[in-house]
Amino acid sequence: MALTDKEIESILDQYPSKVAKSRRKHIILKDGELPNQEIEANTRTIPGIITNRGCAYAGCKGVVLGPIKDMAHIVHGPIGCSYYAWGTRRNKARTEDGKDNFLNYCFSTDMQESDIVFGGEKKLAALIDEVVETFQPKAITLSATCPVGLIGDDINAVARAAEARHGIQVLAFSCEGYKGVSQSAGHHIANNNLMEKVIGASELEEAPAPYAINLLGEYNIGGDGWEIERVLKDIGYHVVSVMTGDGKWEDIRNAHVAELNLVQCHRSINYIADMLETKYGTPWLKVNFIGVAATIESLRNMAIYFGDPKLTARTEEVIERELARVEPVLAQYRKLCEGKTAFCFVGGSRGHHYQGLFAELGISTILAGYEFAHRDDYEGRHVIPSIKSDADSKNIPNLEVEADVQRFRLKLPAERLEELKAKIPLGDYAGMRVSMEEGSVLVDDLNHYETEEFIKLLQPDILASGIKDKYVVQKMGIPAKQLHSYDYSGPYAGFNGAVQFAKDVSMAFASPTWNFITPPWQDQPLLDGKMNEGGAA
């Protein structure tokens, strides 16, 4: 069933007129005859609306920094903030012999009321000393939460003093939750600090092996990164660093020696990708390792970039082997999924990436969106020059980098790079809209009310989303696939991940649970009302 503009207006009519006018800009119906359908994104959620977004701190510490395993990540703030960014996201990491892995630990200053009144800098300094004495980490991050910014604790000064005392790198991230309209601001803050103070800090000048790559925007949720690395290493690539799933501070320092950067999650890491190209001359390639077809396309694009016949041949050998193994299995699961429809609303690039994997199972995505996207995530990077900077965006310092005099070098001749850009997504991301089906719905910052209303109108067979809204959806009698941290499962990336995803989705469809759930609108009277400017009617 395709929606009409009139039906969308009927949903928005329940809002006060000013709110309805604002929300309409965040919703579009895909129309192929309109080359430039603009969608509003990266603006504040309207107060009073229940959103699925996180905060700047969640994006900085919870997403980008948290998965780095050989750094001790200290949170300066109440214990609830630290727990939220530590225990709710399944960033897996292997402990190597003789190497550090601090991901199982939760370091927090546990600020109390007295700390809010008298300041918490001394408490933070004492915790750093305790962590160094107990764990001897090679590096530490300090992440600020909302109270820290409000009372004015200078975590940068505390970090500098700690570096002088202990002789290790201590990085301060002023990522107070209110810094931006969503977690996207935290991604940017983390990118800036890693680029300025970690990447390139080693003395390594050349990669130790050919086909050296960085894998950016991969956070190893449920083991995704391990499955991707399995395939890449089998083909012959040398992974210099992963930012940041199962990542290491020691490896990130060497990121400047790679020959190519792969960008999986465009939103969370595109800043570093751009800066690496400016400073060291390393191009970046947009990849997608979610789904069999997308994985194959990404592997072939990588082979095109390096242009080595032996590498290309090995790529095709691995693809042929993996296809022969997983296709028969996927065909069986496809029988349970064929003809069904999905909503795909989840942060990062997943709202886009998973549509291809759904399609391979015969499931059409009829509504999709992001929690914290910018317009270029929907419309493509060509719109970046037209995006106007607002007051919220100016809260985040824009790190300007220049070509490194000693280390900058073109990895390929300029003519070759231009030739490749016509063939593969080198330095470009086309955005979600381009691959959506005609008439499908794109919604930015989908909220609780709109979720229910779109479900009533479109009646999807499954909803893929984050942690916060899955239970509401299940109570409406619809399977929910949690794609923020996969709950219990994974990996979902690569060839093995596609099989695991197909298994989990099929299991959700086949469960008898839904026979015992009646959506509330089927047997309960619904209040019929409308919000007026002066209150409820």
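You'll find the structure just up there.
I will try to describe carefully the structure that is included in this document.

1. Side note on the packing of aromatic side chains
- The tally for this structure, following the rule as stated, stands at 15 aromatic pairs.
- Each residue in the set Tyr354, Phe358, Tyr486, Tyr492 and Phe501 is aromatic and connected to the rest through ring pairs, giving one cluster.
- In this structure, Lys286 is placed above the aromatic ring of Tyr429, and the distance from its NZ or CZ to the ring centre is 5.1 Å.

2. A look at the sheet that holds strand E10 (residues 341-345)
- Taken in spatial order, the six strands make up an open sheet running E1-E12-E11-E10-E13-E14, and their pairing is mixed. The two strands at the open ends of the sheet, each matched to only one other strand, are strand E1 (27-29) and strand E14 (480-482). Sheet twist, expressed as the average angle between the axes of neighbouring strands with direction ignored, equals 20 degrees.
- Direction of pairing for strand E11 (residues 364-369) relative to strand E12 (residues 441-443): parallel, over a ladder of two bridges.

3. As for the sheet that holds strand E5 (residues 169-173)
- Taken in spatial order, the four strands make up an open sheet running E3-E2-E4-E5, and their pairing is parallel. The strands lining the two open edges of the sheet, one partner per strand, are strand E3 (107-108) and E5.
- Bridge analysis of strand E2 (residues 72-76) against strand E4 (residues 139-144) gives five bridges, and the strand direction is parallel. Note on E4: the bridge partner recorded for Ile74 is Leu142.

4. Structural notes on the pairing of E10
- Of all five residues that make up E10, five are buried, and the element is covered over most of its length.
- A two-sided burial pattern is seen for E10, the buried positions comprising Thr341, Phe343 and Phe345 on one face and Ala342 and Cys344 on the other.
- A crossover connection joins E10 to the parallel E11 through helix H15 (residues 350-360); in handedness this β-α-β unit is right-handed.
- Sheet topology note: the E10/strand E13 (residues 462-465) ladder contains three bridges and is parallel. Within E13, the residue paired with Phe343 across the bridge is Leu463.

5. Quick notes on the side chain of Ser506
- Tracing the backbone shows Ser506 in helix H20 (residues 494-510).
- We classify Ser506 as buried; its relative accessible area is 2%.
- A distance of 2.8 Å separates a polar side-chain atom of Ser506 from the backbone oxygen of Ala502.

6. Regarding empty space enclosed by the protein
- For the structure on display, the rule yields one cavity of 30 Å³ or more.
- When its volume is computed, the largest cavity comes out at roughly 80 Å³.
- Taken together, the residues that form the lining of the largest cavity break down as two nonpolar, five polar and four charged.

7. Observations regarding the environment of Asp129
- Position of Asp129 among the secondary structure elements: in helix H6 (residues 121-135).
- Judged by relative accessible area, which is 28%, Asp129 ranks as partly exposed.
- Taking C-alpha positions, Asp129 is 8.2 Å from His166, a pair spaced 37 residues apart along the chain.
- Not counting residues up to four positions away in its chain, the partners in contact with Asp129 are Arg165 and His166.
- Of the polar contacts made by the side chain of Asp129, one reaches the side chain of Arg165; its length is 2.9 Å.
- Engagement of the side chain of Asp129 in a polar contact is seen with the side chain of His166, the distance being 2.6 Å.

8. Overview of a nonpolar patch on the surface
- Together, Ile116, Val117 and Phe118 make up a nonpolar patch on the protein surface, roughly 350 Å² of accessible area in all.
- Relative to the helices and strands, Val117 is located in helix H5 (residues 113-118).
- With a relative accessible area of 62%, Val117 lands in the exposed category.

9. Points about the state of the cysteines
- If you walk through the whole model with that rule in mind, you get zero disulfides.
- Here Cys344 is not cross-linked by a disulfide; its sulfur's nearest cysteine counterpart is in Cys265, at 13 Å.
- Overall, the relative accessible area of 0% leaves Cys344 in the buried class.

10. A look at helix H13 (residues 292-306)
- A rise of 1.5 Å per residue sets the reference length of H13, with its 15 residues, at 21 Å; its end C-alpha atoms lie 22 Å apart and thus fit the reference within 8%.
- Gly307 lies just past H13 and shows a positive phi near 65 degrees.

11. Some points on the packing of helix H1 (residues 5-12) against helix H18 (residues 448-458)
- Taken N-terminus to C-terminus, the directions of H1 and H18 make an angle of 140 degrees; their axes are 10 Å apart at the nearest point. Taken together, the axes of H1 and H18 lie oblique to each other. In the crossing of H1 with H18, the sense of the turn from one axis to the other is right-handed. Mapping the contact onto sequence places Glu7, Ile11 and Leu12 in H1 and Tyr449, Glu450, Glu453, Phe454 and Leu457 in H18.
- Looking at side-chain class alone, the contact of H1 with H18 contains five nonpolar, no polar and three charged residues.

12. What to know about the pattern of salt bridges
- Scanning the model with the defined rule gives 37 salt bridges in all.
- With a shortest N-O distance of 3.8 Å, Glu38 and Arg375 are connected by a salt bridge. A residue pair is termed long-range when its members are at least 10 positions apart, and Glu38 in the loop between E1 and helix H3 (56-65) and Arg375 in helix H16 (residues 375-379) qualify at 337 residues.
- With a shortest N-O distance of 2.8 Å, Glu379 and Arg375 are connected by a salt bridge. Here Arg375 and Glu379 lie together in helix H16, a separation of four residues that amounts to about one turn.
- Through salt bridges with shared partners, a single ionic network connects Glu227, Arg230, Asp234, Arg314, Glu317, Arg321, Glu322 and Arg325.

13. Examining the pairing of strand E7 (residues 238-244)
- Burial analysis of E7 places six of its seven residues in the buried class, the great majority of the element.
- Across six bridges, the pairing between strand E6 (residues 212-218) and E7 is parallel. Its bridge partner being in E7, Ala212 is matched across the sheet by His238.

What counts and how
Every chain is numbered independently, its residues counted from 1 as its sequence is written. At least 70 in pLDDT is required for a residue's local features to be given in this predicted model, at least 80 for side-chain atom pairs to be given and counted, and no such filter applies to totals for whole chains, interfaces and linings, which use all residues. No hydrogens and no water enter the side-chain calculation; it runs on all heavy atoms of the structure. Any pair of Phe, Tyr and Trp rings, taking the six-membered ring for Trp, is counted once the centres come within 6.5 Å. Such a pair is stacked with planes under 30 degrees apart, edge-to-face with planes over 60 apart, and tilted for the rest. Placement of a charge over a ring requires the Lys NZ or Arg CZ to be within 6 Å of the ring centre, with the centre-to-atom vector within 35 degrees of the ring normal. Being paired, for any two strands, means DSSP has found at least two bridges between them. Each helix corresponds to a stretch of at least 4 residues labelled H or I by DSSP, and each strand to a stretch of at least 2 residues labelled E; elements are numbered beginning at the N terminus. In this analysis an axis means a line fitted to C-alpha atoms, helices contributing only their contacting stretch, and an angle means the value between N-to-C directions, from 0 to 180 degrees. Three exposure classes are used, based on accessible area relative to the maximum for each residue type with a 1.4 Å probe and protein chains only: buried under 20%, partly exposed in between, and exposed over 50%. For crossovers, right-handed means that the path from the first strand over the helix to the second runs clockwise, given strands pointing away from the viewer. Any N or O atom pair separated by 3.5 Å or less is treated as a polar contact, with the protein-specific requirement of one donor-capable and one acceptor-capable atom, and with residues adjacent in sequence counted only for side-chain atom pairs. Residues are said to line a cavity or pocket when one of their atoms sits within 4 Å of a point; the points come from a 1 Å grid over protein atoms alone, cavities being sets where a 1.4 Å probe fits but cannot get out and pockets being open sets with protein on both sides within 12 Å along at least five of seven lines. Grid points are joined across faces, edges and corners, and a volume is the space filled by probe spheres set on the points. Residues were grouped as follows: Ala, Val, Leu, Ile, Met, Phe, Trp, Tyr, Cys and Pro as nonpolar; Asp, Glu, Lys and Arg as charged; and all remaining residues, including Gly, as polar. Note on definitions: a residue-residue contact is assigned when non-hydrogen atoms from the two residues lie within 4.5 Å. Residues with no salt bridge and a relative accessible area higher than 30% make up the patches, which join like charges within 9 Å and nonpolar side chains (Val, Leu, Ile, Met, Phe, Trp, Tyr) within 5 Å. Computed with a 1.4 Å probe, the accessible areas rest on the Shrake-Rupley method; for each residue, only the protein chains presented here act as cover. Note on definitions: salt bridges are taken to be side-chain nitrogens of Lys or Arg within 4 Å of carboxyl oxygens of Asp or Glu. We call a pair of cysteine sulfur atoms a disulfide whenever their separation is within 2.5 Å. To estimate the expected span of a helix, subtract one from its residue number and multiply by 1.5 Å. Every angle not falling under 35 degrees, over 145, or within 65 to 115 is termed oblique; those three ranges are roughly parallel, roughly antiparallel and roughly perpendicular. Helix crossings are classified by the rotation of the near helix relative to the far one: an anticlockwise turn of less than a right angle makes the crossing left-handed, while a clockwise turn makes it right-handed.

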